[in-house]
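# A look at the structure
Residues per chain, in single letters:
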Amino acid sequence: MIQFTSFFLSIFFFFFFFLFLNPTNSPMVAATHPDIILETCRRCAKGDPNLNYALCVESLASVPKSHHSDVRGLAIVAVKLSKAKMKHAKSMVKKLLKAKPMGRYMKNCLLTCKDIYSDSISNLKDSLKAIKSGQYKDANIQISGAVDAPGNCEDSFQDGNIKSPLIGENKDLFGLAVIALGITALLGHVAHLTILQRRFAGAVFY
């Protein structure tokens, strides 16, 4: 027999799940939800002051299939956008290294950023696999590395008191990586609540 206190805890969880996992409130809504991008970006921006709502909506909306997706699909889109931007930044570094003669310190900074971008690209690839297999915590860890990458790159220039030629790229990289992390974190949170809801639904009270 379930104890008296357990009964009231169960009642609490019932209302908690009703409020947060009701189809009209949950971010894991059907793929046909007309405002899936707006709602997902709104939820993510509310939870992270570093997440740019306008950029979130604009970047996701630039991919047609996002409009017919769910949160998991948006997480995949966001990571792919971040990975593509990271590849572009790495390509830009290669061009800068070939463009003109430069000081040794500047060259070392660019090489450092190139390595940072390479590692982040690898991390984002791994995060895609993790998302697709439902390992959202692992995905968050991998994406977090990409969030830190732009700042680590900029630090190398600041340490030498020289102007970074990548500041614009790094700002965009950070913005996209934060979006990818926010959506994936939201996805993991909802997945956890869904598991708890299923356990609660299967409980028998005496």
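Below or above, wherever it landed, is the structure these notes cover. Because the structure is a prediction, the values reported are computed rather than measured.

The next subject is the overall build of the chain. Regarding its fold elements, the chain presents 7 helices and 0 strands. Helices (α) and strands (β) of the chain occur, in sequence order from the N terminus, as α-α-α-α-α-α-α. Counting only residues that meet the buried cut, the chain has 37% of its 206 residues in that class. Expressed as a percentage of contacts within the chain between residues at least 6 apart in sequence, the contacts between residues at least 24 apart total 71%. When the accessible area of the chain is evaluated, it comes to approximately 12000 Å², of which 59% is carbon and sulfur surface.

Bringing a positive patch on the surface into the picture now. Positive charge collects at one region of the surface, where Lys-65, Arg-72, Lys-80 and Lys-132 lie side by side. Structurally, Lys-132 can be placed in helix H5 (residues 104–132).

Enumeration over the complete set of coordinates arrives at 2 disulfides. The side chain of Cys-113 participates in a disulfide bridge whose partner is Cys-153; the two sulfur atoms lie 2.0 Å from each other. A torsion of 95° about the S-S bond marks the disulfide between Cys-113 and Cys-153 as right-handed. Within this pair, whereas Cys-113 is found in helix H5, its partner Cys-153 is found in helix H6 (residues 136–159), the two being separated by 40 residues in sequence. The exposure classification of Cys-113 matches that of Cys-153, with both residues buried. Sequence-ordered numbering of the bonded cysteines in the chain yields a pairing of 1-2, 3-4. Sulfur of Cys-44: no disulfide; nearest cysteine sulfur belongs to Cys-56 and is 6.0 Å away. Free cysteine: Cys-109, not disulfide-bonded; nearest cysteine sulfur from Cys-113 at 6.8 Å.

Turning next to the side chain of Ser-66. With respect to the helices and strands, the residue Ser-66 is situated in the loop between helix H3 (53–61) and helix H4 (71–99). The class for Ser-66 is buried, based on a relative accessible area of 0%. Among the polar contacts listed, one links the side chain of Ser-66 to the backbone oxygen of Leu-60, at a separation of 3.0 Å. Ser-66 has contacts with Ile-36, Ile-37, Leu-60, Leu-74 and Val-77, leaving out every residue within four places of it along the chain.

Inspection of the entire model under this criterion finds 4 salt bridges. For Arg-43, the salt bridge identified is with Glu-39, shortest N-O distance 2.9 Å. Note that Arg-43 and Glu-39 are positioned in helix H2 (residues 36–47) at a spacing of 4 residues, about one turn of the helix. Taking relative accessible area as the criterion, Arg-43 reaches 26% and is therefore assigned partly exposed. With a closest N to O distance of 3.7 Å, Glu-169 and Lys-85 form a salt bridge. Of the two residues, Glu-169 sits in helix H7 (residues 167–201) while Lys-85 sits in helix H4, which places them 84 residues apart along the sequence. Pair check on accessibility: Glu-169 and Lys-85 agree, each one buried. Through salt bridges with shared partners, a single ionic network connects Glu-39, Arg-42 and Arg-43.

Conventions adopted
Residues numbered from 1 in each chain as written. Predicted model: local features only at pLDDT ≥ 70, side-chain atom pairs only at ≥ 80, totals over all residues. Heavy atoms only, no water. Helix = DSSP H or I, 4+ residues; strand = E, 2+ residues; numbered from the N terminus. Buried < 20%, exposed > 50% of the residue type's maximum accessible area, 1.4 Å probe, protein only. Contact = heavy atoms within 4.5 Å. Areas by Shrake-Rupley, 256 points an atom, 1.4 Å probe, with all protein chains shown as cover. Patch = residues over 30% accessible without salt bridge, like charges linked within 9 Å, V, L, I, M, F, W, Y side chains within 5 Å. Salt bridge = Lys/Arg side-chain N within 4 Å of Asp/Glu carboxyl O. Lys, Arg positive; Asp, Glu negative; His and termini not counted. Charge placed at Lys NZ, Arg CZ, Asp CG, Glu CD. Disulfide = S-S within 2.5 Å. Polar contact = N/O pair within 3.5 Å; in protein donor to acceptor, adjacent residues only side chain to side chain.

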